[in-house]
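Listed here are the chains, written in short residue letters.
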Amino acid sequence: MSRIKNLDLILDKLASAKKVAMLTGAGVSAESGIKTFRDPDGLWAKFNPAELASADGFMSNQQLVWDWYQERRSIISECKPNAGHYAIAEMETMFEDFALITQNVDRLHQTAGSKNIYELHGNIVDNHCFDCDEPYLDDINPHDNKMPPCKKCGGRIRPSVVWFGEMLPEYDLTQGINAAEECDVFFSVGTSAEVYPASNLPIIAADSGAFVIEINPTATVISPRMHKVIRMTSAQALPIIVEELRKRTGK
Ligand code: NAD
Ligand code: ZN
């Protein structure tokens, strides 16, 4: 088992923490087989996600955007949570107050058992009407590329993910900001911290006095603001932290 440098300091901070918050990004799901947007070898590497994942992209080529999401849904439907997701769900049970703020749309945190989750970018499972906003409640078969019409207005159905240029769900964002402001320890895990406003949460936490830890094999723009960086993958680092914390606290 790899060692985490200064693990004792992290365990001290966690052992005395009442409130813990964590921001996760696509890197947490990488070891489940779901590619991050910035992977150069993705099937859709020739397309720019910012153009596909937008209302403009949808209006200019609905079928292309729909096919892209169907492809992602079919990949995600075959993926399972990894050791990182399970460690996060376990960590939640060890604190009075644990908030998980995710940019991921794959729902793997829920599958792993996390409960107190704020989804900043929606999710890829739910759908609603692009034209009238009505939720579309039927299951979508990821292998069927025919776009279903809205049952209320006959309009275009889209996945309930937050596209570039769209507002984030207000409740989830407010809860995420509150958690960042109030927590004693904040983790930023598997995110490049380049997509605002999620990227600001670790900074808010640091400015509010939390001990801030980044888990990411690669340095990010926010790394210099962290009190501790762990250059390991989430599935490597998080189970070690949870196991050692359990030994320390006996919880
Ligand atoms: P990103 O692609 O910008 O960054 C991913 C980060 O994860 C990188 O910094 C990378 O170094 C790191 N990483 C890679 N493998 C890792 C691992 N095994 N463990 C820990 N870290 C690892 O992703 P982002 O910051 O989440 O932002 C991009 C946007 O893409 C978000 O808006 C998100 O909604 C969306 N997205 C979601 C998914 C998903 O739901 N799984 C997948 C791709 C993109
Ligand atoms: Zn409609």
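Our subject is the structure listed above.
Summary of the structure given here. (Residues numbered from 1 in each chain as written. Chains lettered and ligands numbered in written order. Predicted model: local features only at pLDDT ≥ 70, side-chain atom pairs only at ≥ 80, totals over all residues. Heavy atoms only, no water.)

Structural notes on the sheet that holds strand β4 (residues 122–129)
For clarity, the cut-off: The pairing criterion is simple: DSSP has to find at least two bridges between the two strands. Runs of H or I in DSSP of at least four residues are treated as helices and runs of E of at least two as strands, each being numbered from the N terminus. Any two residues having at least one pair of non-hydrogen atoms within 4.5 Å are treated as being in contact. Interaxial angle, 0 to 180 degrees, is taken between N-to-C directions of lines fitted to C-alpha atoms, where a helix line uses only the stretch in contact.
Pairing in this open sheet of 3 strands is antiparallel, and the strands run β5-β4-β6 from one edge to the other. Looking at which strands have only one partner, the edges of the open sheet turn out to be β5 (135–136) and β6 (157–161). Bridge analysis of β4 against β5 gives 2 bridges, and the strand direction is antiparallel. Across the sheet, Asn 127 pairs through a bridge with Tyr 136, a residue of β5. The strands touched by helix α5 (residues 62–77) within the sheet are β4 and β6, with β4 carrying the most contacts at an inclination of about 140°.

Let's talk about helix α8 (residues 170–182)
Heads up, the condition is: An expected span of 1.5 Å times one less than the residue number is assigned to each helix. Relative accessibility under 20% of the residue-type maximum defines a buried residue, over 50% an exposed one, and the middle range a partly exposed one, all with a 1.4 Å probe and only protein chains included. Here the arc refers to the set of directions running from the helix axis out to each C-beta atom.
In this model, α8 (13 residues) spans 18 Å end to end at C-alpha, consistent with the 18 Å of a helix rising 1.5 Å per residue. Taken residue by residue, α8 has Asp 172, Leu 173, Gly 176, Ala 179 and Ala 180 as its buried positions. The arc that holds the buried residues of α8, viewed along the axis, is 125°, so those residues lie on one side. Opposite its buried face, α8 presents the exposed residues Glu 170 and Tyr 171, each directed more than 90 degrees away. Elements that come into contact with the buried residues of α8 comprise β1 (19–24), β2 (97–102), β3 (117–119), β7 (185–189) and α9 (201–207).

Let's talk about the pattern of salt bridges
In plain terms, the rule: Each reported salt bridge corresponds to a side-chain nitrogen of Lys or Arg within 4 Å of a carboxyl oxygen of Asp or Glu.
Under the criterion given, the structure shown has 15 salt bridges. Of the charged contacts, one joins Asp 138 and Lys 151 as a salt bridge, the two residues approaching to 2.6 Å between their closest N and O atoms. Here Asp 138, found in the loop between β5 and β6, pairs with Lys 151, found in the loop between β5 and β6; they are 13 residues apart in sequence, far enough to count as distant. Of the residues examined, Lys 151 reaches a relative accessible area of 61% and is grouped as exposed.

Observations regarding the packing of aromatic side chains
Counted only if it meets this: Any two rings among Phe, Tyr and Trp, with Trp reduced to its six-membered ring, count as a pair given centres within 6.5 Å; such a pair is stacked if its planes are under 30 degrees apart, edge-to-face if over 60, and tilted if neither. Placement of a charge over a ring requires the Lys NZ or Arg CZ to be within 6 Å of the ring centre, with the centre-to-atom vector within 35 degrees of the ring normal.
For the structure on display, the rule yields 5 aromatic pairs. Judged by centre distance (4.8 Å) and plane angle (55°), the rings of Phe 58 and Phe 130 are tilted. Residue Phe 58 is found in helix α4 (residues 55–60), and its partner Phe 130 is found in the loop between β4 and β5; the two are separated by 72 residues along the sequence. Assigned by exposure class, Phe 58 and Phe 130 land together as buried. By way of ring pairs, the aromatic residues Phe 58, Phe 130 and Trp 163 are connected into one cluster. Against the face of Trp 66 rests Arg 73, its NZ or CZ located 5.3 Å from the ring centre.

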